[in-house]
Amino acid sequence: MAIKRFSPTVGRHRRSAGTRNTTRKPTEKFQAYAAPKKGGKLEPFEFSPGPLRDEQVEIEISHCGLCHSDISMIDNEWDESSYPLVPGHEVVGKVIAAGDRTQNVRVGQHVGLGWYSASCLHCRQCLSGDQHLCAKPEQTLINRHGGFANRIRCHWVWAIPLPEKIEAAKAGPLFCAGVTVFNPIMLAGVKPTDRVGVIGIGGLGHLAVQFLNKWGCEVYAFTSTDSKHDEARDLGAHHIVNTCSATSMKRIEGSLDFIISTVYGELDWPAVLKTLGPKGRLHFVGVVPDPIEFEVFDLIDEQKCMSGSPVGSPATTMTMLDFCARHGIAPVTESFPMSRVNDAIKRLRAGKARYRIVLENDF
Ligand SMILES: [Zn+2]
Ligand SMILES: [Zn+2]
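All of these numbers come straight from a predicted model, not from anything done at the bench.

Draft legend 1. Seen up close, the coordination of the zinc ion (ligand 2). At the metal site, the zinc ion (ligand 2) is ligated by Cys-120 (SG), Cys-123 (SG), Cys-126 (SG) and Cys-134 (SG), and these contacts range over 2.3 to 2.4 Å. Bound by 4 donor atoms, the zinc ion (ligand 2) shows angles of 103 to 120 degrees at the metal and therefore tetrahedral coordination geometry. Accessibility expressed as a relative area gives 23% for Cys-120, which makes it partly exposed.

Below is the structure:
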């Protein structure tokens, strides 16, 4: 396998033998933090990634977001984890090596990588531009190692170029949380004249509020946490709806065109459905633990619908990044050095993160 387009060696991690602009091989050993067993604390871990494949790029990681899904994987909640498990799927860094069949990204370019690290590119979903719905995708931290590391590799399609205006230190969460809430706005054809609701003002919701505000919508933030009211307004919410108050919910009955739900807990879903007007849509991106009960007639009567979606395609991710760059949208983040990853996980488990945690590579 040939390696093309080598980068100059700049920076303390990549200086070799006092040379500059020399050819550079893919890294032989990656440094990472891994959970040795289900629910275990992360420990330093070194592994050999093997040869760089022709269509892969290697990324020198500068930052990686910490997402609730990383904790689900550490805890093997979805029965898909294998140990040692290196979490991390909100990667930002610089391409430092590229196989000879790569396109679109060049060595030296800043990129981001999210939940998927490859897709087949020949199934109907891939050919339709919905690579995130590929039947045989490669997931960044399933059966391979994720982004709590100094290096990572992925298929070039999933290494998304980072626009210059976007700050690398804050960008990580856009590649998971960001695209997860941006994709439904495109899917549902939300209009700037729409009145929209965001349920849950957390890692996902705080980005949804910013996107929908800049989209031009009148935004209703649904939250049960009083302390988040002012923050939700600062993020762009025009109204606050207290999900614990029947009066607050009743006041907006029949008025919304679109609602995105980012919560993981229980809610009075029939009451939420009632806040939609005719042809309204309730869209789920947060995984509600138990089945939802509702009357089908409530959908039929006013032609409402319920839907859901996972992350988004590479093209949607690029569109989202352009939108963020144009409107100055960024995740609200807390920063931890990667060596303090266990403290960061503890904070996220305790529900204290405002609103996303980003780990900075300090290997
Ligand atoms: Zn995630
Ligand atoms: Zn496919």
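Next comes the rest of the write-up.
Draft legend 2. Up close: the pattern of salt bridges. As enumerated under the stated definition, the model contains 13 salt bridges in all. Ionic pairing is found between Arg-101 and Glu-55, a salt bridge with its closest N-O pair at 3.4 Å. Within this pair, whereas Arg-101 is found in the loop between strand S5 (91-99) and strand S6 (110-113), its partner Glu-55 is found in the loop between strand S3 (43-47) and strand S4 (56-66), the two being separated by 46 residues in sequence. With a relative accessible area of 49%, Arg-101 lands in the partly exposed category. Classification of Glu-55 by relative accessible area gives partly exposed; the value is 28%. In this structure, Glu-60 engages Arg-151 in a salt bridge whose closest nitrogen and oxygen atoms are separated by 3.9 Å. Placement of Glu-60 in strand S4 and of Arg-151 in strand S9 (residues 151-155) is noted, with a sequence separation of 91 residues between them. Each member of the salt-bridge network shares a partner with another, and the members are Glu-58, Glu-60, Arg-151 and Arg-153.

Draft legend 3. A look at helix H4 (residues 177-187). With respect to burial, H4 is a largely interior element, 9 of its 11 residues being buried. When H4 is considered as a whole, its buried residues turn out to be Ala-177, Gly-178, Val-179, Thr-180, Val-181, Phe-182, Asn-183, Pro-184 and Ile-185. Following H4 by one or two positions, Gly-189 has its phi on the positive side, about 60 degrees.

Draft legend 4. Local environment of the packing of H4 against helix H5 (residues 205-215). For the pair H4 and H5, interaxial distance at closest approach is 9 Å and the crossing angle is 40 degrees. Relative to H5, the element H4 lies oblique. Regarding H4 and H5, the two cross each other, and that crossing is right-handed. Every residue of H5 that contacts H4 at Ala-177, Gly-178, Val-181, Phe-182, Ile-185 and Met-186 is listed here: Leu-207, Ala-208, Phe-211, Leu-212 and Trp-215. Here the contact of H4 with H5 is built from residues that sort into 10 nonpolar, 1 polar and no charged.

Draft legend 5. Seen up close, the packing of aromatic side chains. Counted by the stated rule, this structure contains 11 aromatic pairs. Aromatic side chains Phe-182 and Trp-215 sit 5.8 Å apart centroid to centroid with 80 degrees between the ring planes, which places their arrangement in the edge-to-face category. Taken together, the positions of Phe-182 in helix H4 and Trp-215 in helix H5 put the pair 33 residues apart, joining distant regions of the chain. Clustering of aromatic rings is evident, with ring pairs tying together Phe-182, Phe-211, Trp-215 and Phe-323.

Draft legend 6. Inspection of the coordination of the zinc ion (ligand 1) at higher detail. Donor atoms from the polypeptide that coordinate the zinc ion (ligand 1) comprise Cys-67 (SG), His-89 (NE2) and Cys-176 (SG), at 2.0 to 2.2 Å from the metal. Of note, the donors binding the zinc ion (ligand 1) are all from one chain and are spaced C-x21-H-x86-C. Within this pair, whereas Cys-67 is found in the loop between S4 and helix H1 (68-74), its partner Cys-176 is found in the loop between helix H3 (168-171) and H4, the two being separated by 109 residues in sequence. Take Cys-67 and Cys-176: they sit in the same class, and that class is buried.

Draft legend 7. How the structure looks around the nonpolar core. Grouped together as the largest cluster of nonpolar side chains are 85 residues, with contacts concentrated most on Val-57, Phe-148, Phe-211 and Leu-212. Formed by 17 residues, the second largest nonpolar core is a distinct cluster that contains Phe-222, Val-241, Trp-269 and Leu-282.

Draft legend 8. Geometry of the sheet that holds strand S11 (residues 195-199). Strand order in the open sheet made by the 6 strands is S13-S12-S11-S14-S15-S16, with parallel pairing throughout. Where the open sheet ends on each side, the last strands, each with one partner, are strand S13 (239-242) and strand S16 (305-308). Ignoring which end each strand starts from, the neighbouring axes of this sheet average 20 degrees apart. Bridge count between S11 and strand S12 (residues 218-223): 5 bridges; the pairing is parallel. Paired with Arg-195 across the bridge in S12 is Glu-218. The sheet contacts of H5 involve S11, S12 and strand S14 (256-261), and relative to S11 the element is tilted by about 165 degrees.

Draft legend 9. The arrangement of unusual backbone geometry in detail. For the bond from Tyr-83 to Pro-84, the omega torsion is 0 degrees, close enough to zero to count as cis. Looking at where Pro-84 falls in the secondary structure, it is placed in the loop between H1 and S5. Omega for the bond connecting Arg-354 with Tyr-355 falls within 30 degrees of zero, at -15 degrees, which places this linkage in the cis form. Here Tyr-355 shows up in the loop between helix H11 (341-349) and strand S18 (356-360). Phi at Asp-79 is positive, roughly 60 degrees, even though this residue is not glycine. With respect to the helices and strands, Asp-79 occurs in the loop between H1 and S5. The phi angle at Asn-104 is positive, at roughly 70 degrees, despite the residue not being glycine. You can see Asn-104 is positioned in the loop between S5 and S6. A relative accessible area of 48% means that Asn-104 is categorised as partly exposed.

Procedures and definitions
- Residues numbered from 1 in each chain as written.
- Chains lettered and ligands numbered in written order.
- Predicted model: local features only at pLDDT ≥ 70, side-chain atom pairs only at ≥ 80, totals over all residues.
- Heavy atoms only, no water.
- Donors = N, O, S within 2.8 Å, 3.2 Å for Na, K, Ca; no water.
- Tetrahedral: all angles 85-135°; square planar, octahedral: opposite > 155°, others 65-115°.
- Buried < 20%, exposed > 50% of the residue type's maximum accessible area, 1.4 Å probe, protein only.
- Salt bridge = Lys/Arg side-chain N within 4 Å of Asp/Glu carboxyl O.
- Helix = DSSP H or I, 4+ residues; strand = E, 2+ residues; numbered from the N terminus.
- Axes fitted to C-alpha atoms, helices over the stretch in contact; angles between N-to-C directions.
- Parallel < 35°, antiparallel > 145°, perpendicular 65-115°, else oblique.
- Left-handed = near helix turned anticlockwise from the far one by under 90°.
- Contact = heavy atoms within 4.5 Å.
- Nonpolar A, V, L, I, M, F, W, Y, C, P; charged D, E, K, R; others polar.
- Phe/Tyr/Trp six-rings, centres within 6.5 Å; stacked < 30°, edge-to-face > 60°.
- Core = buried A, V, L, I, M, F, W, Y, C linked by side-chain atoms within 4.5 Å.
- Pairing = 2+ DSSP bridges.

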